[in-house]
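Chain by chain, the residues run as shown.
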Amino acid sequence: MVCGLGIGAGVAVQGRINGALGVRLQDGIAAATISFGVGFVLLCVAFAVSGRMRDGMVRVRAAVAGRTLRPWQLLGGLCGALFVACQGLTVAAIGVTAFTVAAVAGQLLSGLAVDRLGVGPSGRTPITVPRAVGALVAIGAVLIAGLGHGRVGGSSALPEALGSVPTWLLLTLPALAGVGLSWQQAVNGRVGAVGGPFAAALVNFGVGVAVLLVLESIVWAVSGPRPAPPTAPWLYLGGVIGVAFIALAALAVRWIGVLLLALTSVAGQLGAALVLDLLTPTDARVSATTVLGCALTVTAVLIAGFRRADRPD
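Residues numbered from 1 in each chain as written. Predicted model: local features only at pLDDT ≥ 70, side-chain atom pairs only at ≥ 80, totals over all residues. Heavy atoms only, no water.

## Looking at the environment of L42
At step 1: Inspection of the secondary structure assignment puts L42 in helix α2 (residues 28-49).
At step 2: Given the relative accessible area of 40%, L42 is considered partly exposed. (Helix = DSSP H or I, 4+ residues; strand = E, 2+ residues; numbered from the N terminus. Buried < 20%, exposed > 50% of the residue type's maximum accessible area, 1.4 Å probe, protein only.)

Rendered as structure tokens:
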């Protein structure tokens, strides 16, 4: 569970960084491309110097050739690209807490289905009463945490067509990205089971950066070049954080399943979002409903983790 909490905290911090970068560049897709690009470069360096990582990639290739890994299971980076793009596009406009509320709601709903279908490396996981109740409590918690959070500044990261979209409709973007996040964790877990966590991360970032480069090329063709990249080093740490939590998720999903990973990462995301709003405040304010939502989410994690022996390993 500690791994899930750390992953969730990393997602929240990455969201704040990529959202700020999107505002500086006036282009959320460019921010996502840079974030994924930094992570991909780091992993390529690691691939060049690590024999273990190269061996892992050889095993992944052999597994695909032997059909123990399906080609579609290598496409987790598609959902990762969508998630990071939504960070760059919407976090500055709606706030990190509202983004987290929408994303984790989608993640929790899809976590049950992904576990039940056996997409992850642990196979089919039954939807027991504690798991279902935990998911329902967590969904209620994130809805409560989102009450009273309106739209804030930062619309410059959005395309012009989305600049005047109501907050409730804008929240559908991170919600859809959250739906894909559970599937991403499941298929990356499959790749990690074959080649190791960093091989899974390399595949994830390679696919994601390719998709984002295509999207950003379209943005440039339509809207023209954006401002020069900012010089503040902290704005480029999103990709480093992404490498860490993608690799950790590829390990953790094998131990605790997709749903419990989703639940613990929800607690980490909401907790970190609360800390970020307190220590680095923006126009979005910390409310009593946010604190209540965080407390309920921790309760949901404890409920879902009850009687873990009923899950086959």
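Having seen the model, we can carry on.
## As for the confidence of the model for the protein
At step 1: Summarising the model, the protein shows a mean pLDDT of 78, and 82% of its residues fall at 70 or more.
At step 2: Of all secondary-structure elements in the protein, the lowest mean pLDDT belongs to helix α7 (residues 167-170), at 66, while helix α3 (residues 51-65) reaches the highest, 94.
At step 3: In the model, residues 308-313 has pLDDT below 50 throughout and makes 13 contacts with residues more than four positions away in sequence or in other chains. (pLDDT = per-residue confidence, 0-100. Contact = heavy atoms within 4.5 Å.)

## Some details on the packing of α2 against α3
At step 1: With their axes 5 Å apart at the nearest point, α2 and α3 run at an angle of 100° to one another. What the angle tells us is that α2 and α3 run roughly perpendicular. Packed against α2, whose contacting residues are L43, A46, F47, A48 and V49, the element α3 presents G51, M53, R54 and M57 at the interface.
At step 2: Its residues assigned to classes, the contact of α2 with α3 comprises 7 nonpolar, 1 polar and 1 charged. (Axes fitted to C-alpha atoms, helices over the stretch in contact; angles between N-to-C directions. Parallel < 35°, antiparallel > 145°, perpendicular 65-115°, else oblique. Nonpolar A, V, L, I, M, F, W, Y, C, P; charged D, E, K, R; others polar.)

## As for the nonpolar core
Side chains that are nonpolar tend, in soluble globular proteins, to be buried together.
At step 1: I7, L43, F83, F99 and L261 are the most contacted members of the largest nonpolar core, which totals 51 residues.
At step 2: By residue number, the principal contributor to this core is helix α10 (residues 238-279), which donates 14 residues.
At step 3: If we ignore the near neighbours within four places in the chain, the residues touching I7 are F245, L248, A249, A252, L261 and S265.
At step 4: Counting residues in hydrophobic clusters, the runner-up holds 9 residues, among them L69, A199, A200 and V203. (Core = buried A, V, L, I, M, F, W, Y, C linked by side-chain atoms within 4.5 Å.)

## What to know about unusual backbone geometry
At step 1: Of note, the phi angle at Q26 is positive, near 55°, even though the residue is not glycine.
At step 2: In this structure Q26 comes out as partly exposed when scored by relative accessible area, which is 39%.
At step 3: Phi is positive for R67, which is not a glycine, with a value near 65°.

## Brief notes about helix α8 (residues 172-195)
At step 1: Counted at 1.5 Å a residue, the expected span for α8 with its 24 residues is 34 Å, and the 34 Å between its end C-alpha atoms agrees.
At step 2: At the exit of α8 stands G196, carrying a positive phi of roughly 100°. (Expected span 1.5 Å × (residues − 1).)

## Some thoughts on the environment of V13
At step 1: Along the chain, V13 falls in helix α1 (residues 2-25).
At step 2: Note: C-alpha distance between V13 and A273 (260 residues apart in sequence) is 7.6 Å.
At step 3: Setting aside its immediate chain neighbours within four residues, V13 contacts I241 and L276.

## Description of α3
At step 1: With 15 residues, α3 extends 21 Å from end C-alpha to end C-alpha; this agrees with the ideal 21 Å at 1.5 Å per step.
At step 2: Among the residues making up α3, those that are buried are M53, G56, V60 and A63. Angularly, the buried residues of α3 cover 75° about the axis, an arc narrow enough to put them on a single face. Turned more than 90 degrees from where α3 packs its buried face, V58, R61 and A65 sit exposed.
At step 3: Along its buried surface, α3 packs onto α2, α8 and α9 (197-223).
At step 4: Remark: R67 follows α3 within two positions and exhibits a positive phi of approximately 65°. (Arc of directions from axis to C-beta.)

## Here's the deal with the packing of helix α5 (residues 96-117) against α8
At step 1: Following both chains from N to C, one finds α5 and α8 inclined at 45°, their axes separated by 6 Å at the closest point. Put simply, α5 runs oblique to α8. The handedness of the crossing between α5 and α8 is right-handed. Contact residues: α5 offers F99, A102, A103, G106, Q107, S110, G111 and V114, while α8 offers P174, A175, G178, V179, L181, S182, W183, Q185 and A186. (Left-handed = near helix turned anticlockwise from the far one by under 90°.)

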